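As a plain string of letters, each chain reads:
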Amino acid sequence: MFKRARIAARRSTIARRVLAALLAASLLPVAASSVEAGDPLLAYGARIVGDDARTRIVIDFDREPRFSVHYIANPERIVVDLPATAFGFPAKDLAARGLFKDIRYGKMDEESARIVLTTAGPVKLALAKVQADEAGKGHRLVLDAEMIDKRAFAELVKTQSWSDRGEAAQTTSAIPAPEKAAPGDFVIAVDAGHGGIDTGAIGVDTKTEEKQVTLAFAKALTDRLNKEPGIKAFLTREDDEFLSLSQRVLIARQNHAGLFISLHADTLKQKDIRGATVYTISDKASDKLAADLAERENLSDQIAGKETVAEPPEVADILLDLTRRETQAFSISLAESVLNSFKDQVGTINNPHRHAGFRVLQAPDVPSILLEIGFLSNAEDEKLLLDEAWRGKIAGLLTDAVKRYRAAVMANGG
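Residues numbered from 1 in each chain as written. Predicted model: local features only at pLDDT ≥ 70, side-chain atom pairs only at ≥ 80, totals over all residues. Heavy atoms only, no water.

Notes on the overall build of the protein chain
- Per the secondary structure count, the protein chain includes 10 helices and 17 strands.
- Counting across all 414 residues of the protein chain, residues that qualify as buried make up 49%.
- Considering only contacts within the protein chain whose residues lie at least 6 apart along the sequence, 76% involve residues at least 24 apart.
- As displayed, the protein chain has an accessible area near 19,500 Å², and 52% of this comes from carbon and sulfur atoms. (Helix = DSSP H or I, 4+ residues; strand = E, 2+ residues; numbered from the N terminus. Buried < 20%, exposed > 50% of the residue type's maximum accessible area, 1.4 Å probe, protein only. Contact = heavy atoms within 4.5 Å. Areas by Shrake-Rupley, 256 points an atom, 1.4 Å probe, with all protein chains shown as cover.)

Laid out in structure tokens, this is it:
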């Protein structure tokens, strides 16, 4: 029996969104007294200088930011947590160099943002402070990094009090209560891949971020599914928010989903490859393309500065293993139904049903697929992915696939 269907929306006020957009567009600082306390900070400027021994990062804010710094190993990263922040400077102004081989920043949720500095080796911040701008244009955050040895970095990680461990266990209380589904409703979790600090792929022509594409498709699919009697669909995320891979799985399970559909639009080095692909989970990848994609998608938590949490001991349980096998069979059935809907309607790549070890598909009791709608690395696919009519067509075809899958399950006593 399915009991719940939709996660309540978490929205900012219109005034906050408009203000953040205007500030980001103008890149002009605003005096702290003119901004309400609940409004996001504006990071309006950034610069990075240095070499592979010492590197300095400076970020300009419209007002004084509160921040905290933490260290994560495997790989070595420095995480800087901030209150809600609109990042309004050009990405090139904070391009990785010196001690840093990757720099990511963005929203975590409605109340927080994060900067993740992936380092080329063991590094510590010798200086991390906020100081007032001499011209009275707000404050700046100054981070001075210097290389250290592995033992010193390990000690930093060991002695700090902060940790993301147990995040998945705390997710229950963090999710607003969804609307109740009617008895017998078929509940579907629609997962918009990426979000917040994790932008995903970038369009080859328009530079559109994957997280925007997937959310638009997820909303279109959810709306279409909810027009069908006996079906209740909900979004794992309803705005530009970061969710860890384990949170996405847990949200589906907590809401008693009978299906989990994760939507993506990746990029490939081979820009001539285009079309849809449906993935199911497997311990062994079907091919190199699937293995590479799973590896990239599984890095989502790392990009956002999350610690890797070990699999719980229950994964070795025999009964759970049997459940996983049955669920995997249902997932394959759903994948085949999707591809039957797409036949002669939507272009697909060669061998369009593939499989690999995607962490977001690991729910042992929820049939799950990851759908690559198309590739943002291909110009023709990118045009379709940004087309509202195309989104509507895909949503209709996926709904037909879900209906056929549900009918087959019901016919077999499911």
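Details of the pairing of strand β4 (residues 68–72)
- Bridge analysis of β4 against strand β5 (residues 77–83) gives five bridges, and the strand direction is antiparallel. Bridging across to β5, S68 finds its partner in D81.
- In this structure, the hairpin formed by β4 and β5 is closed by a connection of four residues, where N74 is found at a positive phi of approximately 55°. (Pairing = 2+ DSSP bridges.)

Focus on empty space enclosed by the protein
- In the structure shown here, the tally under the stated rule is two cavities of 30 Å³ or more.
- Counted as a void, the largest cavity has a volume near 70 Å³.
- In terms of lining, the largest cavity is formed by D191, G193, H194, D198, L245, R248, S262, H264, E297, S300 and V360.
- Residue assignment for the lining of the largest cavity shows that the elements contributing at least two residues are α5 (245–254) and β14 (259–264).
- Its residues assigned to classes, the lining of the largest cavity shows two nonpolar, five polar and four charged. (1 Å grid on protein atoms, 1.4 Å probe; cavity = no way out; pocket = protein on both sides within 12 Å on 5 of 7 lines; lining within 4 Å. Points joined across faces, edges and corners; volume = space filled by probe spheres on them. Nonpolar A, V, L, I, M, F, W, Y, C, P; charged D, E, K, R; others polar.)

Observations concerning the sheet that holds β5
- Spatially, four strands are ordered β4-β5-β8-β7 in an open sheet, and the strand pairing comes out antiparallel. Of all the strands in the sheet, just β4 and β7 (100–109) have a single pairing partner and so form its edges. The mean inter-strand angle of the sheet, taken between neighbouring strand axes irrespective of direction, is 20°.
- Sheet topology note: the β5/strand β8 (residues 112–119) ladder contains seven bridges and is antiparallel. Residue pairing in the sheet places V79 in a bridge with V116 of β8.
- Helix-sheet contacts for helix α2 (residues 150–159) involve β4 and β5, and the interaxial angle to β4 is about 120°. (Axes fitted to C-alpha atoms, helices over the stretch in contact; angles between N-to-C directions.)

Thoughts on unusual backbone geometry
- In this structure, P75 follows N74 across a cis peptide bond, with omega equal to -5°.
- Positionally, P75 belongs in the loop between β4 and β5.
- A positive phi angle, near 65°, is found at H194, a position not held by glycine.
- Structurally, H194 is set in the loop between β12 (186–192) and α4 (210–225).
- Phi at H256 takes a positive value of approximately 55°, unusual for a residue other than glycine.
- Inspection of the secondary structure assignment puts H256 in the loop between α5 and β14.

A word on the confidence of the model for the protein chain
- Summing up the model confidence of the protein chain, the mean pLDDT is 85 and the portion of residues at 70 or higher is 82%.
- Taken element by element, the protein chain is modelled with least confidence in strand β1 (residues 4–6), mean pLDDT 34, and with most confidence in β14, mean pLDDT 98.
- A low-confidence stretch, residues 1–36 stays under pLDDT 50, and its non-local contacts, those more than four residues away or across chains, total 88 contacts.
- Across residues 312–316, where pLDDT falls below 50, the model places three contacts with residues more than four positions away in sequence or in other chains. (pLDDT = per-residue confidence, 0-100.)

A closer look at the packing of aromatic side chains
- Enumeration according to the criterion identifies six aromatic pairs in this entry.
- Between Y71 and F153 the ring centres are 5.9 Å apart and the planes differ by 90°, which places this aromatic pair in the edge-to-face class. In this pair, Y71 is assigned in strand β4 and F153 in helix α2, connecting sequence segments 82 residues apart. For the pair Y71 and F153, one class covers both residues: buried.
- Each ring, one from F87 and one from Y105, has its centre 5.0 Å from the other, and the planes form 45°; the classification is tilted. Pair noted here: F87 is in strand β6 (residues 85–87) and Y105 is in strand β7, with a separation of 18 residues, a long-range link. The two residues F87 and Y105 agree in class, both being buried. (Phe/Tyr/Trp six-rings, centres within 6.5 Å; stacked < 30°, edge-to-face > 60°.)

Let's talk about helix α6 (residues 288–297)
- For α6, the set of buried residues is A290, L293, A294 and E297. Buried residues of α6 fall within an arc of 100° about the axis and therefore sit on the same side. Exposed and oriented more than 90 degrees from the buried face of α6 are K288 and E295. (Arc of directions from axis to C-beta.)

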